[in-house]
Amino acid sequence: MRPEILLVADSSPWLDQGLTEGYEVHRLSEADQPEALLAEIAPRIRALVTSGAKGASNALIDALPALGLIAVHGVGLDRIDLAHARARGIAVTTTPDVLTDDVADMALALVLALSRRIAANDRHVRAGRWEAGMPVPLGRSATGRRYGIIGLGQIGSAIAKRLRPLAGEIAYHNRRPLPASNYHYHDSAVGLAEAVDTLILAASSKAGEPPIVDQAVLDALGPDGLFVNIARGAAVDEEALVAALRESRIAGAALDVFADEPRMTHELWSLDTVVLQPHQGSATRETRIAMADLLLANLAAFFAGEALVTPV
Ligand code: 8YV
């Protein structure tokens, strides 16, 4: 008998194939009556598969008395109460390392797209405004700008590495300074925002924490400042961000993530100083294959009673 697993979030073709080959997969999002499905299968579910963006609520965890593993397709843990899982003796795995380069590439792409108005100018051309002889607003040089990274972890460091050839300066804010880092450290997000031209949010966040990027940080960034978020939407006060953009208190923002995705404040759609992405940081064919492989390896280890490959 193949083990039964509960799939909570949308998967990728590669993960889907691996799951279907090895397990009896129950898809919560596709169930007509999710509660009835849960009630029927709960006693037999030992592993749950979810995404970083979706996580697993305590209510769901508690509805599964036999649960022993939450396998996350991604690295974000902000939607899983780790203390609660630990108290229940439930292991959690993620898919680290394999997505670092793609997420860092996305940050760099957003930095360039934002500085050079790539998305806005694309709309300008498609709308026939160039042909009609309408003026194109100038961008800002990406080269020589001072960059600030909130969250110089694995992904933040990969972003810094990509920025090095073009940055005038790179600084960062973490809870604590990194002894091995040569980048300038700021002990607050406001201090960092004040000192840089482009601020990039790459920090992991925890559920229930106040946003790291709030009005004070945005005001410190200032009217020439650009903001890029490839981390989590909940780490930003979206209302304060929209107001800062509307009132040109910052120059622009490029956002891959949102607090309540796929929903967002629709005012963002009408602002030309904004670049929007539908949470694509790790969304490449190569990385999604590697993420699927890693998740499946964790699942296989769990059901074989072996050591997990990438436990949290
Ligand atoms: C994914 C993510 O888009 O790693 C994360 O936490 O948010 C992303 O890599 C998502 O988890 C894909 O399922």
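Here the structure is a predicted model, which means the values were calculated and not measured.

> Can you walk me through the site of the ligand in this structure?
Contacts to the ligand come from Ser51, Gly52, Ala53, His73, Gly74, Val75, Gly76, Leu99, His279, Gly281 and Ser282. The residue makeup of the shell around the ligand, split by class, is 3 nonpolar, 8 polar and no charged.

> I would appreciate a short explanation of the packing of helix H5 (residues 100-115) against helix H7 (residues 154-163) in the present structure.
When two helices pack together, you describe them by how their axes are tilted relative to each other and by the distance separating the axes. Contact geometry for H5 and H7: axes closest at 8 Å, N-to-C directions at 50 degrees. One finds that H5 runs oblique with respect to H7. Of the two possible hands of crossing, H5 and H7 adopt the one that is right-handed. Contacts between H5 and H7 involve Thr100, Asp101, Val103, Ala104, Ala107 and Leu108 from the first element and Gln154, Ile155, Ala158, Ile159 and Arg162 from the second. When grouped by side-chain class, the residues that make up the contact of H5 with H7 number 7 nonpolar, 2 polar and 2 charged.

> Help me understand the domain arrangement of the protein in this model?
By a widespread convention, an interface's size corresponds to the accessible area lost as its parts come together. Segmentation of the protein into domains returns domain 1 (4-98 + 285-304) and domain 2 (100-276). With centres defined by C-alpha atoms, the gap from domain 1 to domain 2 works out at 31 Å. Residue-level contacts link 8 residues of domain 1 with 9 residues of domain 2. Tallied by class, the residues present in the side of domain 1 that touches domain 2 amount to 2 nonpolar, 2 polar and 4 charged.

> Help me out: how do you make sense of helix H10 (residues 238-246) in this one?
An α-helical segment advances 3.6 residues per turn. Residues three or four places apart therefore align on the same side. Burial in H10 covers these residues: Leu241, Ala244 and Leu245. One side of H10 carries all its buried residues, which in axial view fall inside an arc of 100 degrees.

> Can you help me understand the environment of Val111 in this one?
Following the sequence through the fold, Val111 ends up in helix H5. Under the C-beta neighbour-count criterion, Val111 is labelled buried, with 25 such atoms within 10 Å. For the pair formed by Val111 and Thr198, sequence separation is 87 residues and the distance between their alpha carbons is 8.0 Å. Those residues within four positions of Val111 in sequence are excluded, and the remaining contacts are Ala142, Thr198 and Val228.

> In this structure, what is going on with the packing of helix H1 (residues 13-22) against helix H11 (residues 285-304)? I would like to understand it.
Orientation of H1 relative to H11, taken along the N-to-C sense of each, is 25 degrees, at an axis distance of 8 Å. Taken together, the axis directions place H1 and H11 in an arrangement best described as roughly parallel. When the axes of H1 and H11 are compared, the crossing they make is right-handed. When H1 is examined against H11, the residues Trp14, Leu15 and Gly18 are found in contact with a partner set consisting of Arg288, Ile289, Ala292, Leu295 and Leu296.

> How do you make sense of the environment of Ala127 when you look at a structure like this?
Among the structural elements, Ala127 can be located in the loop between helix H6 (118-126) and strand S6 (146-150). For Ala127 and Ala167, which are 40 residues apart along the polypeptide, the C-alpha to C-alpha distance reads 33 Å.

> Sorry if this is basic, but what is going on with the confidence of the model for the protein here?
Parts of the prediction with low pLDDT should not have their coordinates interpreted in detail. Here the protein averages 96 in pLDDT, and 100% of its residues register 70 or above. The complex model carries a pTM of 0.95, and its ipTM stands at 0.96.

Conventions adopted
Residues numbered from 1 in each chain as written. Predicted model: local features only at pLDDT ≥ 70, side-chain atom pairs only at ≥ 80, totals over all residues. Near = placed C-beta within 6 Å. Nonpolar A, V, L, I, M, F, W, Y, C, P; charged D, E, K, R; others polar. Axes fitted to C-alpha atoms, helices over the stretch in contact; angles between N-to-C directions. Helix = DSSP H or I, 4+ residues; strand = E, 2+ residues; numbered from the N terminus. Parallel < 35°, antiparallel > 145°, perpendicular 65-115°, else oblique. Left-handed = near helix turned anticlockwise from the far one by under 90°. Contact = placed C-beta atoms within 7 Å. Domains from an automatic or database assignment. Buried ≥ 20, exposed ≤ 12 C-beta atoms within 10 Å, placed from the backbone. Arc of directions from axis to C-beta. pLDDT = per-residue confidence, 0-100.

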